[in-house]
Amino acid sequence: MKTSYLTDLTCSVCGKVFSIHKAHTFCPDCQATLISNYDLNAVRSEVDRDKIRIRPKGMWRWHEVLPVQDAEKIVSLGEGDTPLLSIPRVGNELGLANLFVKDESNNPTGSFKARGLCAAVSRANELGIKKVIIPTAGNAGGAMAAYAARAGMQALVYMPKDTPNANIQESRIAGAEVILVDGLISDAAKMAGIKAREEGWFDVSTFKEPYRVEGKKIMGYELAEAFDWTLPDVILYPTGGGTGLVGMWKAFAEMETLGWLADTKRPRIISVQAEGCAPIPKAFHAGASFCDFWPGAQTVASGLRVPKSFADRIILSNIRESNGTAVAVSDEALMQAQKKLAAMEGIFAAPEGAACLAALEELVKQKWVKPDEKIVIFNTGSGLKYLDQVVQ
Ligand SMILES: *Cc1c(COP(=O)(O)O)cnc(C)c1O
Ligand SMILES: [Zn+2]
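Given the structure is predicted, the values throughout are model-derived calculations rather than measurements. Counting restarts for each chain: residues are numbered from 1 in the order of the written sequence. Starting at A for chains and at 1 for ligands, labels are handed out in the order in which the entities are written. Local features are withheld for residues below a pLDDT of 70 in this predicted model, meaning they are given only at 70 or higher, and side-chain atom pairs are given and counted only at 80 or more; totals for whole chains, interfaces and linings count all residues. Water and hydrogen atoms play no part in the side-chain values, which are based on all heavy atoms of the structure.

Engineer: Help me understand the packing of helix H12 (residues 331–345) against helix H13 (residues 351–365), please; the structure alone is not making it clear to me.
Structural biologist: Packed helices, taken two at a time, are described by the angle between their axes plus the distance between the axes. Taken N-terminus to C-terminus, the directions of H12 and H13 make an angle of 100 degrees; their axes are 7 Å apart at the nearest point. Considered as vectors, H12 and H13 are oriented roughly perpendicular to each other. Taken together, the residues of H13 that come into contact with H12 (itself represented by Ala333, Leu334, Ala337, Gln338, Lys340 and Leu341) are Pro351, Ala354, Ala355, Leu357, Ala358 and Glu361. Three categories are distinguished: nonpolar for Ala, Val, Leu, Ile, Met, Phe, Trp, Tyr, Cys and Pro, charged for Asp, Glu, Lys and Arg, and polar for the others, with Gly belonging to the last. Residues belonging to the contact of H12 with H13 are distributed by class as follows: nine nonpolar, one polar and two charged. Orientation is described by axes fitted as lines to C-alpha atoms, over the contacting stretch for helices, and by angles from 0 to 180 degrees between their N-to-C directions. Secondary structure counts use DSSP, requiring at least four H or I residues in a row for a helix and at least two E residues in a row for a strand, with both numbered from the N terminus. Any angle that falls under 35 degrees is termed roughly parallel, while one over 145 is termed roughly antiparallel, one within 65 to 115 roughly perpendicular, and all others oblique. Note on definitions: a residue-residue contact is assigned when non-hydrogen atoms from the two residues lie within 4.5 Å.

Structure follows, in structure tokens:
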């Protein structure tokens, strides 16, 4: 049996085809993200979705729709297969009968960034890359450092100097060199880009590298499997660069082509950001197809402090196609929600994940969601990584 059915990559704007036998970043003509394509017809006839359930646990159960060609090149720390937890007490308070948290805090390095960086570093490993570089708002740096260590690669991380201490320390202890930047992730990205060109580091920035989104899309496959090959009605996703949002939307399309979904009704996607950095809600409600750069971005939810995503057009188009919406919440509201989730359900969520509960409270008030709808909140990381920011 084949490990991966990846066939080629295409530019998300001009459609130009790129070979899978070489390392790529993004389309040089369009400055746009490359999309991974798989021979889904072959997967459809050769792979039984129900056999995937009984494979050893983890993200790589889904290897046919992941990019690594040679299984021996996979660098794993046990990512994926996170629990889907029902949260009945919070649900009851909000008058919602089917409320769930997909708890990504159980991933290696305590956030769902592990999924994306696992895929990217494994593929880089397969393509013979020896040094990887990343600009990060925090968790992506820690995840890249861990997987690079395991692959025996050199790692260089650029992060804002006010990134949570846990992210700085976890990167350093894994052997990465950490450069603290007096600025935002956008400034870090510029510096990392220059360094990459000058010294030949491979840049795994969000959406400037094709495979992180492939790792993240597996959250969509896991959801469908957990709901018996149907999809929930509503997904709330805390959006920074948007890899999980775009990845899951791609996963839904792939599963439709594969004939794996018992019911192809797609969820409405709610993109959640913080009021101090809300380029997606702003563009969404203005009817714009791309985001303006958000000046002076500030929020305790550091993963959401992304003033402009490289894939803003794709994010906005996916939200609209899903009949979803975009919501910005205050830091105060997300910290209240963080307390509530911990005190009522025992889930100590990252502020980014907690922001989704705050957004849901808002949507319940607006009657945007119905009481019996199946609703999934993504808790993308562990609250333990943000102890400096936690309010008692
Ligand atoms: C990076 C990050 C996000 C945003 O994820 P994207 O897929 O880049 O939008 C949300 N929450 C946490 C905890 C993060 O680290
Ligand atoms: Zn192009």
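Engineer: Just checking my understanding: could you explain the side chain of glutamate 79 for this structure?
Structural biologist: Relative to the helices and strands, glutamate 79 resides in the loop between helix H2 (49–52) and strand S4 (84–86). The buried charged residue glutamate 79 lacks any salt bridge partner; its closest oppositely charged side chain belongs to arginine 150, at an N-O distance of 7.2 Å. Side-chain atoms alone can form a polar contact between residues adjacent in sequence; in general such a contact is a pair of N or O atoms within 3.5 Å, and within protein one must be able to donate a hydrogen while the other accepts it. Polar side-chain contacts of glutamate 79 include one of 2.7 Å to the side chain of serine 76. Only 2.8 Å separates the side chain of glutamate 79 from the backbone nitrogen of leucine 77, close enough to count as a polar contact. The contacts of glutamate 79, once residues within four sequence positions are left out, are Gly58, Met59, Trp60, Asn107, Pro108, Ala114, Cys118 and Tyr147. A simple rule labels every residue: compare its accessible area, found with a 1.4 Å probe on the protein chains alone, to the largest value its type can have, and call it buried under 20%, exposed over 50%, or partly exposed in between. Under this rule, positive means Lys or Arg and negative means Asp or Glu; His and the chain ends count for nothing. When a carboxyl oxygen of Asp or Glu lies within 4 Å of a side-chain nitrogen of Lys or Arg, that pair is called a salt bridge.

Engineer: I would appreciate a short explanation of the site of ligand 1 in the present structure.
Structural biologist: Any residue with a non-hydrogen atom lying within 4 Å of a molecule or strand is treated as near it. As a structural note, the neighbourhood of ligand 1 is formed by 16 residues, with Lys113, Tyr237, Gly242, Thr243 and Thr380 the closest of them. A distance of 2.6 Å is found between an oxygen atom of ligand 1 and a backbone nitrogen or oxygen belonging to glycine 242. In the model, an oxygen atom of ligand 1 is placed 3.2 Å from a nitrogen or oxygen of the glycine 244 main chain. Here the accessible surface of atoms and residues is derived via Shrake-Rupley with a 1.4 Å probe, and residues count as covered only by protein chains that are part of the display. Look at ligand 1: alone it shows 380 Å² of surface, and the protein chains cover 97% of it. Only strand S10 (234–238) and helix H9 (243–258) provide two or more residues apiece to the shell around ligand 1.

Engineer: Whenever I open this one, the coordination of the zinc ion (ligand 2) confuses me. Can you help?
Structural biologist: Six octahedral donors around a metal ideally make angles of 90 or 180 degrees; four tetrahedral donors ideally make 109.5 degrees. Coordination here is defined by N, O and S atoms within 2.8 Å of the metal (3.2 Å for Na, K and Ca), and since water is not considered, a site can look incomplete. Those protein atoms acting as donors to the zinc ion (ligand 2) are Cys11 (SG), Cys14 (SG), Cys27 (SG) and Cys30 (SG), and they sit at 2.3 to 2.4 Å. Site shape is set this way: if four donors have all angles between 85 and 135 degrees, tetrahedral; if opposite donors are over 155 degrees apart and all others between 65 and 115, square planar for four donors and octahedral for six; otherwise irregular. Bound by four donor atoms, the zinc ion (ligand 2) shows angles of 104 to 116 degrees at the metal and therefore tetrahedral coordination geometry. Sequence spacing of the donors to the zinc ion (ligand 2): C-x2-C-x12-C-x2-C. With cysteine 14 in the loop between strand S1 (6–11) and strand S2 (17–18) and cysteine 30 in the loop between S2 and strand S3 (34–38), this pair connects stretches of sequence that are 16 residues apart. Given the relative accessible area of 41%, cysteine 14 is considered partly exposed. By relative accessible area, cysteine 30 is classed as partly exposed at 27%.

Engineer: Honestly, the nonpolar core in this entry has me stumped. Any pointers?
Structural biologist: Side chains of a nonpolar character, in soluble globular proteins, are inclined to be buried together. Counting 84 residues, the largest nonpolar core has Met144, Tyr221, Met255 and Trp260 as the members making the most contacts within it. No other element matches the eight residues that H9 contributes to this core. Setting aside residues no more than four positions away along its own chain, methionine 144 makes contact with Leu117, Val121, Val132, Ile133, Ile134, Ala155, Leu156, Val157 and Val204. The definition of a nonpolar core used throughout is a set of buried Ala, Val, Leu, Ile, Met, Phe, Trp, Tyr and Cys residues joined through side-chain atoms within 4.5 Å. Within the second largest apolar cluster, 32 residues are counted, among which are Val101, Val329, Ile347 and Leu360.

Engineer: What exactly am I supposed to notice about the layout of surface pockets here?
Structural biologist: Empty space left among the atoms is revealed by rolling a probe the size of a water molecule over them. Roughly 220 Å³ of internal volume is contained in the second largest pocket. Points on a 1 Å grid, built from protein atoms alone, make a cavity when a 1.4 Å probe fits but cannot get out and make a pocket when they are open with protein on both sides within 12 Å along at least 5 of 7 lines; residues with an atom within 4 Å of a point are the lining residues. Considering the residues around the second largest pocket, the lining is formed by 18 residues, among which Ile35, Val246, Lys250, Ile314 and Asn318 are closest to the centre. Mapped by element, the contributors of at least two residues to the lining of the second largest pocket are S3, helix H8 (212–226), H9 and helix H11 (312–321). Among the elements that make up the lining of the second largest pocket, the one with the highest residue count is H9 (six residues). In the lining of the second largest pocket, the residues fall into nine nonpolar, five polar and four charged. Grid points are joined across faces, edges and corners, and a volume is the space filled by probe spheres set on the points.

Engineer: Looking at this structure, how should I read unusual backbone geometry?
Structural biologist: A negative phi angle is the norm for most residues apart from glycine, just as the trans form is the norm for most peptide bonds. The residue glutamine 31 is not glycine, and still its phi comes out positive at about 55 degrees. As for its placement among the helices and strands, glutamine 31 is situated in the loop between S2 and S3. Looking at glutamine 31, the relative accessible area reads 48%, which means it is partly exposed. The backbone phi angle of threonine 109 is positive, close to 65 degrees, even though this residue is not glycine. As for its position among the elements, threonine 109 is in the loop between strand S5 (98–103) and helix H4 (113–126).

All we've got here are geometric facts, nothing functional implied.
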